[in-house]
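# Coordinate analysis (summary)
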Amino acid sequence: MNRSGLNRRLVSLMLVGPLFLFLVLFFAVPLVSMMKSAVSDPVAAEVLPATARAVSGWDRTSPPSDEMKAALVADLRQIGEDQLFGDLVRRLNSAKSGFRTLMPKTRAAALEAGGNIDLVALDRRWADPSYWQAVTVATSSTITDRNLLAAVDLQRDASNTIVALPPDASANKAIMIRTFVMSLTVTLACVLIGLPFAMIATSVDGWKRQLLLGAVLLPLWTSLLVRTAAWFILLQDRGPINSMLTYLGIISAPLPLIFNRTGVIIAMTHVLLPFMVLPIFSVLIGIPKNLMPAAASLGAHPLRAFLSVLLPLSLRGVVSGALLVFMSALGYYITPALIGGAKDQMISSVIAYYATGAANWGMAGALGLVLLAATMILYAIYLRLSSDREARP
């Protein structure tokens, strides 16, 4: 390679270097960290090393041995940081309800007593093998699929078989299904509104087209929080929408448009509509305008001409816009939180709760990983359909 070619390569690397560094720092590193937190479970094995060795040979069905009890008491006495003990309690309580009260009680008794203590006399729950099974599972490995299984309402029983969680134990699967249904509804609404709007925008020119495109682009220049707050005002019982409908005599009582799914879909459709209109417009603008008149001159009805000529040619923009809207809607948090009710929250709200409210980064990472996997599967399907369409003659 000559010197000029080497210089061109170095210049190219310098141009793409900042972008590559940005992707690594703000996308790849957080993604790897999220994936690691979803399957990482080191706290119990690190805090209870003697207990881990003692329960390693236990058959998980017989009563706990004296060695196991003594090892647990010794480990609890060695915990010096309250934060570390809190992490341990949260880890065990997530596997078996009851550790939140049992562990502080046991630790206080262990620190107060100088020698060994009778755990069963202290609390009868220590005679229950299910509590020791939770301790055994937590201390057996630093890698676990517990969070990933819990993200889809599954768990491992005492025999290490994957079973469904009790109906009242978790609702992650129901919320995940709700997220996909609401995202699909918003996507369909954007298609029904965005396709005619894009067709009108391409049929005119000059200041009319600029005005229509400006109406689409204007929401993108406004903060998402501001747009959501505006809909919060518009959709109230005494807001402008209900007041206008009442004034015109269309309704006699205010429509329930806020704190329900209707309001969430309206607000999300408005926010995401530009992501549908712009891809469709970019495809329609490249289609010759004489195709529809040509179809009409051959005797085709306008509806048939649209279905047979214009719609197939614009399908690539519709699919691209639908993919953008659907993938964006999956992760929405602010709009459902402000406009929706308790039964309208999406999976992003659950992720936020685990990350900030419960300080359970493992579950937050697992739910995020499941959502990312679903998004990547949809994107792979889109790429496959696109490649198949291009391969057709």
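Up top is the structure these notes are about.
Presented here is a report on the structure given in the accompanying data block. In this text the structure is predicted, and so the values were computed from the model without any measurement.

## Considering the overall build of the chain
Helix and strand counts for the chain come out as 19 helices and 2 strands. Since a compact globule built from 393 residues should have a radius of gyration of about 21 Å, the 29 Å found for the chain marks it as more spread out than a globular shape. For the C-alpha atoms alone, the extent of the chain along its principal axes is close to 95 × 80 × 35 Å. In the chain, which comprises 393 residues, the share counted as buried stands at 39%. In the chain, of all internal contacts separated by at least 6 residues, the share reaching a separation of at least 24 is 69%. When the accessible surface of the chain is totalled, it reaches about 22,100 Å², and 67% of it is carbon and sulfur. Charged side chains of the chain number 32 positive and 22 negative; the gap between the two group centres comes to 15 Å.

## Quick look at the packing of aromatic side chains
All told, the structure shown has 7 aromatic pairs when counted by the stated rule. Judged by centre distance (5.2 Å) and plane angle (65°), the ring pair of Phe-99 and Tyr-131 falls under edge-to-face. Residue Phe-99 is located in helix 6 (residues 99-112), and its partner Tyr-131 is located in helix 8 (residues 129-140); the two are separated by 32 residues in the primary sequence. Look at Tyr-131 and you get buried, because its relative accessible area is 7%. A cation sits over an aromatic face here: Lys-96 above Tyr-131, 5.1 Å from the ring centre.

## Section: the nonpolar core
Counting residues in each nonpolar core, the largest one holds 35 residues, and the members touching the most others are Val-186, Cys-190, Met-268, Leu-272, Met-276, Ile-280 and Ile-339. Counting residues per element, the ones that place at least two in this core are helix 10 (172-203), helix 11 (207-217), helix 14 (261-284) and helix 16 (302-330). With 12 residues, the top contributor of residues to this core is helix 14.

## What to know about the packing of helix 5 (residues 82-95) against helix 6
In contact at an axis separation of 9 Å, helix 5 and helix 6 are set at 140° when each is read in the N-to-C sense. Judged by the inter-axis angle, helix 5 sits oblique to helix 6. The chirality of how helix 5 crosses helix 6 is right-handed. Between helix 5 and helix 6, the contacting residues are Asp-82, Phe-85, Leu-88, Val-89, Arg-90, Leu-92 and Asn-93 on the first element and Phe-99, Arg-100, Met-103, Pro-104 and Arg-107 on the second. Across the contact of helix 5 with helix 6, the residue classes break down as 7 nonpolar, 1 polar and 4 charged.

## With respect to a nonpolar patch on the surface
Residues Leu-19, Leu-21, Phe-22, Leu-23, Leu-25, Phe-26, Phe-27 and Val-29 make up a contiguous nonpolar surface patch of about 850 Å² in total accessible area. With respect to the helices and strands, Leu-23 occurs in helix 1 (residues 3-39). On the basis of relative accessibility, which here comes to 42%, the residue Leu-23 falls in the partly exposed class.

## Some details on the side chain of Arg-227
Along the chain, Arg-227 turns up in helix 12 (residues 224-234). Although buried, Arg-227 forms no salt bridge, and the nearest oppositely charged side chain, Asp-344, lies 20 Å from it. Within polar-contact distance, the side chain of Arg-227 engages the backbone oxygen of Thr-222 at 3.2 Å. Excluding its chain neighbours within four sequence positions, the residues that come into contact with Arg-227 are Pro-219, Leu-220, Thr-222, His-270 and Val-271.

## Some details on the packing of helix 11 against helix 14
Where helix 11 contacts helix 14, the axes come no closer than 9 Å and their chain directions differ by 145°. Contacts between helix 11 and helix 14 involve Arg-209, Leu-213, Val-216 and Leu-217 on the former and, on the latter, Pro-274, Val-277, Leu-278 and Phe-281. Grouping the constituent residues of the contact of helix 11 with helix 14 by class yields 7 nonpolar, no polar and 1 charged.

## With respect to the pattern of salt bridges
What the rule picks out here adds up to 5 salt bridges. Here Arg-107 and Asp-82 are joined by a salt bridge, their closest N and O atoms 3.3 Å apart. You can see Arg-107 sitting in helix 6 and its partner Asp-82 sitting in helix 5, a full 25 residues away along the chain. Residue Arg-107 is classed as buried on the basis of its relative accessible area, which comes to 11%. Judged by its relative accessible area of 59%, Asp-82 falls in the exposed class. Measuring nitrogen to oxygen at the nearest pair gives 2.3 Å for the salt bridge that ties Asp-87 to Arg-90. Of this pair, Asp-87 and Arg-90 are both found in helix 5, 3 residues apart, which corresponds to roughly one turn of the helix. We classify Arg-90 as partly exposed; its relative accessible area is 28%. Linked by salt bridges that have partners in common, Lys-105, Asp-123 and Arg-125 make up one network.

Parameters and conventions
- Residues numbered from 1 in each chain as written.
- Predicted model: local features only at pLDDT ≥ 70, side-chain atom pairs only at ≥ 80, totals over all residues.
- Heavy atoms only, no water.
- Helix = DSSP H or I, 4+ residues; strand = E, 2+ residues; numbered from the N terminus.
- Rg over C-alpha atoms; globule rule 2.2 N^0.38 Å.
- Buried < 20%, exposed > 50% of the residue type's maximum accessible area, 1.4 Å probe, protein only.
- Contact = heavy atoms within 4.5 Å.
- Areas by Shrake-Rupley, 256 points an atom, 1.4 Å probe, with all protein chains shown as cover.
- Lys, Arg positive; Asp, Glu negative; His and termini not counted.
- Charge placed at Lys NZ, Arg CZ, Asp CG, Glu CD.
- Phe/Tyr/Trp six-rings, centres within 6.5 Å; stacked < 30°, edge-to-face > 60°.
- Lys NZ or Arg CZ within 6 Å of the ring centre and 35° of its normal.
- Core = buried A, V, L, I, M, F, W, Y, C linked by side-chain atoms within 4.5 Å.
- Axes fitted to C-alpha atoms, helices over the stretch in contact; angles between N-to-C directions.
- Parallel < 35°, antiparallel > 145°, perpendicular 65-115°, else oblique.
- Left-handed = near helix turned anticlockwise from the far one by under 90°.
- Nonpolar A, V, L, I, M, F, W, Y, C, P; charged D, E, K, R; others polar.
- Patch = residues over 30% accessible without salt bridge, like charges linked within 9 Å, V, L, I, M, F, W, Y side chains within 5 Å.
- Salt bridge = Lys/Arg side-chain N within 4 Å of Asp/Glu carboxyl O.
- Polar contact = N/O pair within 3.5 Å; in protein donor to acceptor, adjacent residues only side chain to side chain.

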